[in-house]
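# Structural overview
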Amino acid sequence: MKKGYTLLIAIMMILGALTGCGQTDQTSSSQNKTEQGEKITYPVKIKDAVNKEVVIKKKPNKIVSLIPSNTEIAFAFGLGDKIVGVSDFDNYPKEATKKTKVGGTDLNVEKIISLKPDLVLAHASAAHDSKDGLQQLRDAGIAVVVVNDAQNFTQVYDSIDMIGKATGESEKADHLIQNMKSRIAAIKKKTAKIKAADKKKVYVEISGAPDIYTVGKNTFMNEMLSVIHADNIVTEEGWVKVDPEEIIRQNPDVIITTYGYYVKDAVKQVSNRKGWQEINAIKHKQVIDVNSDEVTRPGPRIVKGVEDLAKAVYPDQFK
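Residues numbered from 1 in each chain as written. Predicted model: local features only at pLDDT ≥ 70, side-chain atom pairs only at ≥ 80, totals over all residues. Heavy atoms only, no water.

### Focus: the nonpolar core
In globular proteins that are soluble, nonpolar side chains generally tend to be buried together. Ranked by size, the top nonpolar core spans 60 residues in total, and within it Ile-56, Val-145, Phe-153, Ile-160, Met-224, Ile-228 and Ile-256 carry the most contacts. Setting aside residues no more than four positions away along its own chain, Met-224 makes contact with Phe-153, Val-295, Ile-302, Val-306 and Leu-309. Counting 16 residues, the second largest nonpolar core, distinct from the first, contains Ile-233, Tyr-259, Ile-282 and Val-287. (Core = buried A, V, L, I, M, F, W, Y, C linked by side-chain atoms within 4.5 Å. Buried < 20%, exposed > 50% of the residue type's maximum accessible area, 1.4 Å probe, protein only. Contact = heavy atoms within 4.5 Å.)

### Digging into unusual backbone geometry
At the junction of Tyr-92 and Pro-93, the peptide bond is cis and its omega measures out at -10° in the coordinates. For the peptide bond that leads from Ala-209 to Pro-210, omega is 5°, which places it in the cis range. Turning to its location among the elements, Pro-210 is positioned in the loop between β12 (201–207) and β13 (213–215). In the Ramachandran plot, Asn-218 falls in the positive-phi region, its phi being about 60° despite a non-glycine side chain. One can find Asn-218 in the loop between β13 and α8 (220–227). Phi at Asp-265 is positive, roughly 55°, even though this residue is not glycine. (Helix = DSSP H or I, 4+ residues; strand = E, 2+ residues; numbered from the N terminus.)

### Regarding the packing of aromatic side chains
What the rule picks out here adds up to 4 aromatic pairs. Between Phe-153 and Phe-220, the aromatic rings sit 5.0 Å apart at their centres with planes inclined by 85°, giving edge-to-face as the arrangement. Linking Phe-153 in helix α6 (residues 153–167) with Phe-220 in helix α8, this pair joins segments that are 67 residues apart in sequence. Judged by relative accessible area, which is 6%, Phe-153 ranks as buried. Relative accessible area serves as the criterion here: at 10%, Phe-220 is assigned to the buried category. When the centroid spacing of 4.9 Å and the interplanar angle of 75° are considered together, the rings of Tyr-261 and Tyr-262 count as edge-to-face. (Phe/Tyr/Trp six-rings, centres within 6.5 Å; stacked < 30°, edge-to-face > 60°.)

### Points about the sheet that holds strand β9 (residues 100–101)
Ordered by their spatial adjacency, 5 strands build an open sheet running β9-β8-β7-β10-β11, and the pairing between neighbours is parallel. Two strands bound the open sheet, and with one partner strand each, they are β9 and β11 (143–147). Its contacts with the sheet put helix α5 (residues 131–139) on β10 (119–123) and β11, and the angle it makes with β11 is roughly 145°. (Pairing = 2+ DSSP bridges. Axes fitted to C-alpha atoms, helices over the stretch in contact; angles between N-to-C directions.)

### Thoughts on the confidence of the model for the protein chain
Scored by pLDDT, the protein chain comes out at a mean of 88, with 87% of its residues at no less than 70. Across residues 1–37, where pLDDT falls below 50, the model places 126 contacts with residues more than four positions away in sequence or in other chains. (pLDDT = per-residue confidence, 0-100.)

### Some remarks on the pattern of salt bridges
Counting across every chain of the model gives 17 salt bridges. Notably, a salt bridge pairs Arg-273 with Glu-205, separated by 2.8 Å at the nearest N-O pair. Here the residue Arg-273 occupies a position in the loop between α10 (266–271) and α11 (280–283), and Glu-205 occupies one in strand β12, the gap between them amounting to 68 residues. Across the pair, Glu-205 and Arg-273 agree in class, each one buried. Via salt bridges that share partners, Glu-72, Asp-293, Glu-294, Arg-297, Arg-301, Lys-304 and Asp-308 belong to a single interconnected network. (Salt bridge = Lys/Arg side-chain N within 4 Å of Asp/Glu carboxyl O.)

### Side note on helix α7 (residues 170–191)
With 22 residues, α7 extends 32 Å between its outermost C-alpha atoms, agreeing within 8% with the 32 Å of an ideal straight helix rising 1.5 Å per residue. The complete set of buried residues in α7 reads Ser-170, Ala-173, Leu-176, Ile-177, Met-180, Ile-184, Ile-187 and Thr-191. Buried positions in α7, seen along its axis, are confined to an arc of 120° and lie on one side of it. Exposed residues pointing more than 90 degrees away from the buried face of α7 are listed as His-175 and Lys-189. (Expected span 1.5 Å × (residues − 1). Arc of directions from axis to C-beta.)

See the structure below:
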């Protein structure tokens, strides 16, 4: 297999780790709590993903989010009424689709400035390409927090924590993180009972023919498979272009597709693929499509994605 990237991966919305702190301002009465319970007052200082120290003078009342995962986190904090702008890719929750669009890979800086936000939640995956635009926002006096790419669950939790601090919702962030951790622990507890002989071999297809791609080691999806006690048949790293003959040789027990929302009959296309009829997953009708956003978008719904994966791979354990 050869490594490569698809458009789907290029626009995957991902978050990252946090290093930050709060600062006390005697002229401000706005208060918040960190995840340790320590009270802080505005202005708040956060060191973001591009190592910039961002000063947020007061609790934001108008927020623009430049990536769907940031938007989902903010909505999970109950900040939907404060979000005034989102990216072209935002599709969840439904309320987000009604917000003003401010661009996709190319930012509409003028539109963002016209919305007069107190805070812009940017993302490291596009920070380099949007460097000039983000600087224009800073020069306009807008606080811009760039959130890191999240490559694992720990970094997702850190991202939620960062956005919590930036928006003044640290307590809600902590509650959300604890809920996610509890649900992951429950999944691990169930799958830990699966015997080694019953452990499933899984192939994940993130892009269909003609350019078929999968996920290998050191990817979020691979970590999810590890959480549910399943083996990824792909041993190469990153996003990998598929050799169909290799999938036949590996003979997975389960095939997961993640593109059914934009390709008609994704499961049928895989099941009818020439030469694949003897693969165990196809013979036993174990080809399942899962919601792409839930398994690729590192926000609050990522745990729902893991739960859906667990049900798809081990239906008897997750009836």
